[in-house]
Amino acid sequence: MPSTTPASIPARVLVLEQLDSQLKKYATPLTAVLSLVVGVSGSLMFFHLFKSKVQGLHEWLGMAFLLAFVLHGLRNRRPFMSLFKQTRSQVLLGLAVVTAAAFLLLAPQAKIAMSKGLPQALLKAPLVSLAPALGVRLDDALARVIAAGGVGARADSSIAALAAISHVDAMTLLNAVLRTEPGNRD
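Residues numbered from 1 in each chain as written. Predicted model: local features only at pLDDT ≥ 70, side-chain atom pairs only at ≥ 80, totals over all residues. Heavy atoms only, no water.

Novice: Would you explain the overall build of the protein in this entry?
Specialist: The helix and strand tally for the protein stands at nine helices and zero strands. Seen in sequence order, the protein has helices and strands lined up from the N terminus as α-α-α-α-α-α-α-α-α. If you sum the accessible surface of the protein, you get close to 13,500 Å²; carbon and sulfur atoms cover 69% of it. (Helix = DSSP H or I, 4+ residues; strand = E, 2+ residues; numbered from the N terminus. Areas by Shrake-Rupley, 256 points an atom, 1.4 Å probe, with all protein chains shown as cover.)

Novice: Please clarify how the nonpolar core should be interpreted in this entry.
Specialist: Inside soluble globular proteins, nonpolar side chains tend to come together where they are buried. L127, L130, V145, I159, L162, L173 and V177 are the most contacted members of the largest nonpolar core, which has 18 residues in total. In terms of residue count, the dominant contributor to this core is helix α9 (residues 170–178) (four residues). Not counting the four nearest positions on each side in its chain, L130 is found in contact with L122, A125, I159 and L174. (Core = buried A, V, L, I, M, F, W, Y, C linked by side-chain atoms within 4.5 Å. Buried < 20%, exposed > 50% of the residue type's maximum accessible area, 1.4 Å probe, protein only. Contact = heavy atoms within 4.5 Å.)

Novice: How should I be thinking about the packing of helix α7 (residues 138–147) against α9 in this particular structure?
Specialist: A pair of packed helices can be characterised by two numbers: the angle between their axes and the separation between those axes. Close contact between α7 and α9 brings their axes to 8 Å; oriented N to C, the two are set at 140 degrees. Classified by the interaxial angle, the pair formed by α7 and α9 is oblique. Along this stretch, α7 crosses α9, giving a crossing that reads as right-handed. Of the residues in α9, those touching α7 at A141, R144 and V145 are L173, A176, V177 and L178. Of the residues contributing to the contact of α7 with α9, the split by class is six nonpolar, no polar and one charged. (Axes fitted to C-alpha atoms, helices over the stretch in contact; angles between N-to-C directions. Parallel < 35°, antiparallel > 145°, perpendicular 65-115°, else oblique. Left-handed = near helix turned anticlockwise from the far one by under 90°. Nonpolar A, V, L, I, M, F, W, Y, C, P; charged D, E, K, R; others polar.)

Novice: Could you clarify how one ought to interpret the confidence of the model for the protein in this entry?
Specialist: The predicted structure's coordinates, where accompanied by low pLDDT, should not be read in detail. Mean pLDDT over the protein: 84, with 87% of residues reaching 70 or higher. Across the protein, element-level confidence peaks in α7 with a mean pLDDT of 92 and bottoms out in helix α5 (residues 118–124) with 82. Predicted confidence is poor over residues 182–186, with pLDDT under 50, and the contacts of this stretch with residues over four places away or in other chains come to five contacts. (pLDDT = per-residue confidence, 0-100.)

Novice: Can you help me understand the environment of A163 in this one?
Specialist: Relative to the elements of secondary structure, A163 occurs in helix α8 (residues 159–166). Separated by 18 residues in the primary sequence, A163 and V145 place their C-alpha atoms 9.6 Å from one another. With near-sequence residues (within four places) excluded, A163 lies in contact with V168, D169, A170 and L173.

Novice: Help me out: how do you make sense of α7 in this one?
Specialist: Restricting attention to buried positions, one finds in α7 the residues D140, A141, L142, R144 and V145. In this structure, the buried residues of α7 make contact with α6 (127–133), α8 and α9. One or two steps after α7, the chain reaches G149, where phi turns positive at roughly 105 degrees.

Novice: Quick question: what am I supposed to make of unusual backbone geometry here?
Specialist: Most peptide bonds take the trans configuration, and most residues that are not glycine carry a negative phi. In this structure, F50 is a non-glycine residue whose phi angle is positive, near 55 degrees. Owing to a relative accessible area of 57%, F50 belongs among the exposed residues under this scheme. Notably, H167 is not glycine yet its phi reads approximately 60 degrees, a positive angle. Along the chain, the position of H167 falls in the loop between α8 and α9. Residue classification places H167 among the exposed positions, given a relative accessible area of 73%.

As structure tokens, then:
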């Protein structure tokens, strides 16, 4: 009978056994925890709750979830592959692919990115020109910018200049100009 001492077992087998042991301990719990976090953060973003604060968390932990999913799939590859031999799983996978394709094909065009120039132009325009272009009265725009921390706002001030002087994020000031109170549609 051959000896099964560690010296007689190839190093590659020992590494694979150690890796399998670690995957067995951590892959499923990590996948479960990250799916919960990604699900909750995605739900918050869907309902526009704390979206700006949650988006980075959702994206980064989503990537970690993808890695955990791959590790979990490696650890459970046999049951995972047998799952897709079932008709129900094939139908669900087909529905998911069709739904994803529909979203990708029917989604509206992406919003203009900061690099496209329009947002930069909005930030550099004087409030006297910006307010009417956004459908806001100049007095309301000035009041909103001041309320958002824009120190010394005047009609000839730009959002970018006010943000620099006031040490406030320019997008915060622009969003203040754009906001409308319930029942008040300027």
